[in-house]
Amino acid sequence: MDLFEYMKEKNMERESPLAARMRPVTIDEVVGQEHILAPDKLLYRAIKADKLSSLIFFGPPGTGKTTLAKVIAHTTSAEFKQLNATISGKKDMEEVVSGAQTTLGMYNKKTILFIDEIHRFNKGQQDFLLPYVEDGTVILIGATTENPYFEVNSALISRSMIFELKPLSTENIKTLINRAVYDTEKGMGSYNAYIDDDAAEFLADRSEGDARSALNAIELGVMSTEPDADGRIHITIDVASECIQKKVLRYDKNGDNHYDTISAFIKSMRGSDPDAAVYYLARMLEAGEDPKFIIRRIMICASEDVGMADPQAIVVAEAAAGIVERVGMPEARIPLSQAAVYVATAPKSNASYLAIGQAAEEVRSSGNLPIPAHLQVGSYKGAEKLGHGQDYKYAHDYPNHYVSQQYLPYELTGKEFYNPTGNGYEVKVREHMKKLHKEAGE
């Protein structure tokens, strides 16, 4: 590198966006991703020891895929080369491979090739890398926002370790925000700025796990805000809202508004109003509510308020919960809306909810009443002498796979807990049970 290239690089470092300047240099500076970067985790140990195999990082934008590659670049003793699949082609890869072969042959030094947006390479381009990854000419690090199991060749997948990067937590983002505002070396500290706690909390919430979004807002806020009379730049929640271009909604996650909104949401689903349900859902999501909290309430409503009137409601809610966990925001709002609408429009019954409540009350009232002897375990030695398991009637041996016998403790003979309603699927349940009892002569 000559003097002019060196000065160009230093100028680019000074003039680059805040998000780029704030990138960590060492693994210990990285914020978040504790599930793969805690000191006892494999990736952390491999980076520290400079003993890397080929890797693929995938996750949403702003979660640190390129950051990790840069950390590895600063940590490793290997040669480090970087390509972006959106602008690079086979010729660029050929040049890297040729250089890697020379470096390995002459200096016994490995080459790490980082390919950003690797899913943008077509099958042929990805196949070109295979023999060089296989023989160790290059150590591949790929980064993608897409699921690599769908977008990257299976042959490359089998030769790489896959690590999923998750959206940063609110606390992670707040740490980065404060570091960016007050750091005088890489951040905006030389501008004599300060940020209110509620503004930092708002930005952390609204960035939805994307560190780059929060840092871009901080940079814009500091650069566009006039200093106060005391010469300091004050980042308020209004400034933060303008810079991230999202409206501040009155929604205290620990206050009355939080509970009022979730209450209105649940009551709208219970009351079969899908329009109100999606409205309150949108209010919560726009205010930064945790999607996992919302889907838990939907699952409860699906069981408590829909119940056996539509047994599929809880299946839909559970499926939505899995999707929310896997995809995160903002896409998670779609399965959340589908589940909320399904529960809101489903026929309603709280019969199973009432049943467990009444049964629990009976247990608390009457205690552990004796279980009928014929229902008890009859397979152990001596059970016959005690009458355990004797005279039990196996339901499948009888018409309609039903036979009348005592199941409740004898003290509760005739007691009913579950009373199916006349709504939805429970109509069939009620008619089925009535038919069984009638044909059994009960």
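First, a word on what this report is: a plain description of the structure on this page. Just so we're clear, the structure is a prediction, and the values are computed from it rather than from any experiment.

On to helix H10 (residues 170-182), then. Taking 1.5 Å per residue, 13 residues should reach 18 Å; H10 reaches 18 Å between its end C-alpha atoms and fits that length. Along H10, the residues classified as buried are Asn172, Ile173, Lys174, Leu176, Ile177, Ala180 and Val181. The secondary structure elements touched by the buried residues of H10 are helix H2 (18-21), helix H3 (34-37), strand S6 (193-195), helix H11 (197-206) and helix H12 (211-224).

This part covers the side chain of Lys174. Position of Lys174 relative to the elements: it lies in helix H10. Among the polar contacts made by the side chain of Lys174, one reaches the side chain of Glu201 at a distance of 3.0 Å. Once you skip the residues sitting within four places of it in the chain, Lys174 turns out to touch Ala200, Glu201 and Ala204.

Looking now at the packing of aromatic side chains. Applying the stated criterion across every chain, the model contains three aromatic pairs. With a centroid separation of 6.3 Å and an interplanar angle of 50°, the aromatic rings of Phe57 and Phe163 are classed as tilted. In this pair, Phe57 is assigned in strand S1 (residues 55-58) and Phe163 in strand S5 (residues 161-164), connecting sequence segments 106 residues apart. Given a relative accessible area of 0%, Phe57 falls into the buried group. Taken together, a centroid distance of 5.4 Å and an interplanar angle of 50° make the contact between Phe128 and Tyr132 tilted. Placement of the pair is Phe128 and Tyr132 together in helix H7 (residues 123-134), with a separation of four residues, close to one helical turn. Summarising the burial analysis for this pair, Phe128 and Tyr132 share the class buried.

So, how was this worked out
- Residues numbered from 1 in each chain as written.
- Predicted model: local features only at pLDDT ≥ 70, side-chain atom pairs only at ≥ 80, totals over all residues.
- Heavy atoms only, no water.
- Helix = DSSP H or I, 4+ residues; strand = E, 2+ residues; numbered from the N terminus.
- Expected span 1.5 Å × (residues − 1).
- Buried < 20%, exposed > 50% of the residue type's maximum accessible area, 1.4 Å probe, protein only.
- Contact = heavy atoms within 4.5 Å.
- Polar contact = N/O pair within 3.5 Å; in protein donor to acceptor, adjacent residues only side chain to side chain.
- Phe/Tyr/Trp six-rings, centres within 6.5 Å; stacked < 30°, edge-to-face > 60°.

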